[in-house]
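Structural description and commentary
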Amino acid sequence: MSIANNILSIKASLPPHVTLVAVSKTKPVADLTEAYNAGQRIFGENKVQEMVEKWEQLPKDIQWHMIGHVQTNKVKYMVPFVSLIHGVDSLKLLVEINRQAKRYRKVINCLLQIHIAEEDTKFGLNELELKALLESDEFKQLENICITGLMGMATFTDDEAQIRKEFSYLKSIFDQLSKQPSTVNFQLSTLSMGMSGDYRIAIDCGGNMVRIGSSIFGNR
Ligand SMILES: *Cc1c(COP(=O)(O)O)cnc(C)c1O
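Residues numbered from 1 in each chain as written. Predicted model: local features only at pLDDT ≥ 70, side-chain atom pairs only at ≥ 80, totals over all residues. Heavy atoms only, no water.

1. Things to note about the overall build of the chain
Counting its secondary structure elements, the chain contains ten helices and eight strands. Here the C-alpha radius of gyration of the chain, 17 Å, is about what a compact globule of 220 residues would show, namely 17 Å. C-alpha atoms of the chain, sized along the principal axes, occupy 50 × 45 × 30 Å. For the chain, the residues scored as buried account for 51% of the 220 residues in total. Long-range contacts, defined here as pairs at least 24 residues apart, represent 59% of the contacts in the chain between residues at least 6 apart. Accessible surface, the chain: about 10700 Å² in total, of which carbon and sulfur atoms supply 50%. Charged side chains of the chain number 25 positive and 25 negative; the gap between the two group centres comes to 6 Å. (Helix = DSSP H or I, 4+ residues; strand = E, 2+ residues; numbered from the N terminus. Rg over C-alpha atoms; globule rule 2.2 N^0.38 Å. Buried < 20%, exposed > 50% of the residue type's maximum accessible area, 1.4 Å probe, protein only. Contact = heavy atoms within 4.5 Å. Areas by Shrake-Rupley, 256 points an atom, 1.4 Å probe, with all protein chains shown as cover. Lys, Arg positive; Asp, Glu negative; His and termini not counted. Charge placed at Lys NZ, Arg CZ, Asp CG, Glu CD.)

Laid out in structure tokens, this is it:
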């Protein structure tokens, strides 16, 4: 199967309310171009430097999503063009995104990453940390970021029940938070969960943004 075919068949299989992020990390620009020519406009990268290099070479109507863990000292390089940052898991990082965004008079949309997997290797906030962040005075004063949703990664396992439990847990946090009134920097709409191996389960559990790499571009 070609990249174009993979994109088209995955897109055709997604319900209309689900957004596809094509995860192109480690893949050459030629592969992204093939996806672009098949109509894909949202690409996900996990390293700032690599995303900057691809942004420079590719059409400017691409929406670039940062899906990886971001170091605060790298934020400034992507702020001019990034459209959504998925992996925000500290107030410190949010403050730095806000500070850089302000220099460009922009508002950068961010997702808060929630720790849902059994493994403790994965990044993310727990429920208490999430609550503390959102209720802090420092957060309320940030005017150049907007929290538009949540992101999570399930345990890497064949146990479908386990994956389902973790995604359902994230959906329940999302639903709870969605009951809170929107503010200038808090407007929930996006629940980013699901990768090549588990995106169907994620959609079943209520996710509306999937991040798919190897099923489109092949193994890395
Ligand atoms: C690499 C990556 C993906 C895509 O993984 P695939 O299994 O190749 O679909 C999704 N989300 C994050 C955060 C990733 O790092």
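2. Some points on the packing of helix H1 (residues 3-13) against helix H2 (residues 29-37)
The contact between H1 and H2 brings their axes to 8 Å, and the two run at 45 degrees. Considered as vectors, H1 and H2 are oriented oblique to each other. Between H1 and H2 lies a crossing of right-handed hand. On H2, the residues that touch Ile3, Ala4 and Ile7 of H1 are Asp31, Glu34 and Ala35. Looking at side-chain class alone, the contact of H1 with H2 contains four nonpolar, no polar and two charged residues. (Axes fitted to C-alpha atoms, helices over the stretch in contact; angles between N-to-C directions. Parallel < 35°, antiparallel > 145°, perpendicular 65-115°, else oblique. Left-handed = near helix turned anticlockwise from the far one by under 90°. Nonpolar A, V, L, I, M, F, W, Y, C, P; charged D, E, K, R; others polar.)

3. Section: the site of the ligand
Around the ligand, a shell composed of Val23, Lys25, Ile67, Met151, Met153, Met195, Ser196, Arg211, Ile212, Gly213, Ser214 and Arg220 is seen. At 2.5 Å from an oxygen atom of the ligand is found a side-chain nitrogen or oxygen belonging to Ser196. Here an oxygen atom of the ligand and a backbone polar atom of Gly213 are 2.8 Å apart. In isolation the ligand has 390 Å² of accessible area, and contact with the protein removes 90% of it. For the shell around the ligand, the per-class residue count stands at six nonpolar, three polar and three charged. (Near = heavy atom within 4 Å. Polar contact = N/O pair within 3.5 Å; in protein donor to acceptor, adjacent residues only side chain to side chain.)

4. Let's talk about the environment of Ser90
Along the chain, the position of Ser90 falls in the loop between strand E4 (84-88) and helix H5 (91-103). Within the local environment of Ser90, its side chain forms a polar contact with the backbone nitrogen of Leu93, the two atoms lying 3.0 Å apart.

5. Looking at unusual backbone geometry
Leaving glycine aside, a negative phi is the common case for residues, and trans is the common case for peptide bonds. Even without a glycine there, the phi angle at Thr26 is positive, about 70 degrees. Topologically, Thr26 is positioned in the loop between strand E1 (19-23) and H2. In this structure Thr26 comes out as exposed when scored by relative accessible area, which is 53%.

6. Side note on the side chain of His65
Relative to the elements of secondary structure, His65 occurs in strand E3 (residues 63-66). You can call His65 buried: its relative accessible area is 3%. Among the polar contacts made by the side chain of His65, one reaches the side chain of His86 at a distance of 2.9 Å. Leave out the neighbours within four places in its chain, and His65 touches Val21, Ile42, Phe43, Gly44, Glu45, Met51, Ser83, Leu84, His86 and Met209.

Everything listed here is a matter of geometry and, on its own, says nothing about what the molecule does.
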